[in-house]
Amino acid sequence: MTLILSHVARYGVIHVSDRLLTLRGTNASFDAHSNKALLYLCTDAIVAIGYTGIAYVGDSPADVWIAHQLIGKEFEEPSHFGLPLQSEPRNIVSAVELLRTRLESEMRRTSAAEFGILVTGWKWPQRKKPKRAEPFVATVRWNGDHMATETLPRYWRYVRGRDELLACIPANIEHHRAEEVMKSLNQCSDSVSMRNILIETIRSISGENATVGPDCMSIMLTPPNLLLAEIEFVFSGSGLSHGEVYAPWVITPGYVHAPSILFGGWEIHDGPWTIYLKDDVRGFAPWAIQKRPKRPR
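By convention here, each chain's residues receive numbers from 1 onward along its written sequence. Since the coordinates come from a predicted model, pLDDT governs what is reported: local features require at least 70, and pairs of side-chain atoms require 80 or more to be given and counted, while whole-chain, interface and lining totals use all residues. Side-chain measures were taken over the full set of non-hydrogen atoms in the model, leaving aside hydrogen atoms and water.

Overview of the overall build of the protein
So, step 1. A helix here means a DSSP run of H or I that spans at least four residues, while a strand means a run of E at least two residues long, and both kinds are numbered starting from the N terminus. Check the secondary structure of the protein and you find 5 helices and 19 strands.
So, step 2. Relative accessibility under 20% of the residue-type maximum defines a buried residue, over 50% an exposed one, and the middle range a partly exposed one, all with a 1.4 Å probe and only protein chains included. Burial analysis of the protein (297 residues in total) assigns 53% to the buried set.
So, step 3. Two residues form a contact once any of their heavy atoms are found within 4.5 Å. Residue pairs at least 24 apart in sequence account for 62% of intrachain contacts in the protein once pairs closer than 6 positions are excluded.
So, step 4. A total accessible area of about 13800 Å² is found for the protein, and carbon and sulfur atoms account for 51% of it. The protein chains shown are the only cover counted for residues, whose accessible areas, like all others here, come from Shrake-Rupley with a 1.4 Å probe.

Quick look at the structure:
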């Protein structure tokens, strides 16, 4: 089980997920280099994408499959840490619908009981008339015989009388616990403290549920006028020993960064946007492209 928590508010979007994959029907870990998060910049949005449920779609790891759909092409194991690769131009609504229709086809060919995607971030209008960006939240979930999409209502903050929410796949966290997390978030005044609450929630649940891991991937999306996204691998101290930094998929209109293992951080620039992989170590030292195991049979 993957636990994904996203706090969505007018002053930023914080997406945190665990990274543990386990073999079906057991608590045995599998694919220690897995990433359950992607950062996607398209024509009218920047979003964090996380998945829960089966670890493979067809014969591809789920994150690799999702990335290939968004990029518009498949490629072999990458030989570089970043590729100047053109992804297919799409808006976020068409990207979510593409994932829904193709996932539905794949799910009907498998016996898996569940799969879900959570998409959270910012969407801005494509019309010339100036208008502020709005939070974007969508879930795509397998409902037994079809993939169903739910999106946040337009003008959500006015309809609900609130300006923030906690987005998650409901089956993966109890309602009362989600309410407790939201109460804690309401008492915070800065994004780092909010992110730490989400991380500590995942780590607390990992102590109770062996299918949730304590290591987390964090993606923080500042308000769009700041044109900044920050990615951070938050290590629990439970497995690695050399200070490695794990990077997720980063997909932009003109650049693709495949998951990799690094020492130090990096910056990606695409148009006016800066995407920053945070790390305490200064500089950048690539170590290895992540080699993913084949689907277990």
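Once you've had a look at it, read on.
Some thoughts on the packing of helix 1 (residues 62-71) against helix 2 (residues 92-107)
So, step 1. Following both chains from N to C, one finds helix 1 and helix 2 inclined at 130 degrees, their axes separated by 10 Å at the closest point. Judged by the angle between their axes, helix 1 and helix 2 are oblique. As helix 1 runs across helix 2, the sense of the crossing is right-handed. Across the interface between the two elements, Trp65, Ile66, Gln69 and Leu70 of helix 1 pack against Ala95, Leu98, Leu99, Arg102, Leu103 and Glu106 of helix 2. The axes are straight lines fitted to the C-alpha atoms, using for helices just the contacting stretch, and the angles between their N-to-C directions are given from 0 to 180°. Orientation labels follow simple angle bins: below 35 degrees gives roughly parallel, above 145 gives roughly antiparallel, 65 to 115 gives roughly perpendicular, and whatever is left gives oblique. Throughout, a crossing is termed right-handed when the near helix is turned clockwise from the far one, and left-handed when it is turned anticlockwise from it by less than a right angle.

Observations concerning the sheet that holds strand 11 (residues 216-221)
So, step 1. One bridge is not enough; two strands pair if DSSP finds at least two bridges between them. The strand order across the open sheet built from 7 strands is 10-1-2-11-12-18-17, with neighbouring strands paired in mixed fashion. In this open sheet, the two strands that pair with only one neighbour each are strand 10 (164-168) and strand 17 (266-270). Strand-to-strand twist across the sheet, computed as the mean angle between neighbouring axes with direction ignored, equals 15 degrees.
So, step 2. Contacting strand 1 (4-9) and strand 10, helix 4 (residues 175-186) crosses the sheet at an angle of about 140 degrees to strand 10.
So, step 3. Each of strand 1, strand 2 (12-18), strand 10, strand 11 and strand 12 (228-234) touches helix 5 (residues 191-208); the most contacted strand, strand 2, lies at about 25 degrees to it.

Examining the pairing of strand 12
So, step 1. Burial within strand 12 is extensive, with 5 of its 7 residues counted as buried.
So, step 2. By the bridge criterion, 6 bridges tie strand 11 to strand 12 in an arrangement that is antiparallel. Among the inter-strand pairings, Met217 is bridged to a residue of strand 12, identified as Phe233.
So, step 3. Between the antiparallel neighbours strand 11 and strand 12 lie 6 residues, among them Leu227 with a positive phi of about 55 degrees.
So, step 4. As defined by bridge partners, strand 12 adjoins strand 18 (residues 273-277) across 4 bridges and the pair is classed as parallel. Paired with Ile231 across the bridge in strand 18 is Leu277.

Here's the deal with helix 1
So, step 1. Among the 10 residues that make up helix 1, 10 are buried, leaving the element largely enclosed by the rest of the structure.
So, step 2. Turning to helix 1, its buried residues are Ala62, Asp63, Val64, Trp65, Ile66, Ala67, His68, Gln69, Leu70 and Ile71.
So, step 3. Two residues or fewer after helix 1 comes Gly72, characterised by a positive phi angle close to 100 degrees.

A closer look at the sheet that holds strand 15 (residues 255-257)
So, step 1. Strand order in this open sheet of 7 strands is 9-8-7-4-3-14-15, and the pairing throughout is mixed. Every interior strand has two partners, whereas the edge strands, strand 9 (147-151) and strand 15, have only one. Put simply, the sheet's adjacent strands are angled 15 degrees from each other on average, direction ignored.
So, step 2. Alignment of strand 8 (residues 134-142) against strand 9, held across 5 bridges, turns out to be antiparallel. Paired with Val140 across the two strands is Thr149, which belongs to strand 9.
So, step 3. Packed onto the sheet, helix 1 meets strand 3 (37-41), strand 4 (45-53), strand 7 (115-123), strand 14 (249-252) and strand 15 and runs at close to 5 degrees relative to strand 14.
So, step 4. Each of strand 3, strand 4, strand 7, strand 8 and strand 9 is contacted by helix 2, which is oriented at about 175 degrees to strand 7, the strand it contacts most.

Side note on the pairing of strand 3
So, step 1. Extensive coverage of strand 3 is indicated by the burial of 5 of its 5 residues.
So, step 2. Here strand 3 shows a buried face lined by Ala37, Leu39 and Leu41 and a second buried face lined by Leu38 and Tyr40.
So, step 3. Relative to strand 4, strand 3 runs antiparallel, the two being bridged by 5 bridges. Across the sheet, residue Leu38 finds its bridge partner in strand 4, namely Ile49.
So, step 4. Once strand 3 ends, the chain turns through 3 residues before running back antiparallel as strand 4.

A look at unusual backbone geometry
So, step 1. One non-glycine residue, Leu227, lies in positive phi territory at about 55 degrees.
So, step 2. Topologically, Leu227 is positioned in the loop between strand 11 and strand 12.
So, step 3. Owing to a relative accessible area of 28%, Leu227 belongs among the partly exposed residues under this scheme.

Things to note about the pattern of salt bridges
So, step 1. When a carboxyl oxygen of Asp or Glu lies within 4 Å of a side-chain nitrogen of Lys or Arg, that pair is called a salt bridge. Tallied over the entire structure, the rule returns 10 salt bridges.
So, step 2. Residues Glu88 and Arg90 are paired through a salt bridge, measuring 2.7 Å at the closest nitrogen-oxygen approach.
So, step 3. A salt bridge links Arg203 to Glu200; its shortest N-O distance comes to 3.7 Å. With Arg203 and Glu200 both in helix 5 and 3 residues apart, the pair spans about one turn of that helix.
So, step 4. Taking the relative accessible area as the measure of exposure, Glu200 reaches 47% and is therefore partly exposed.

Geometry only, nothing functional implied.
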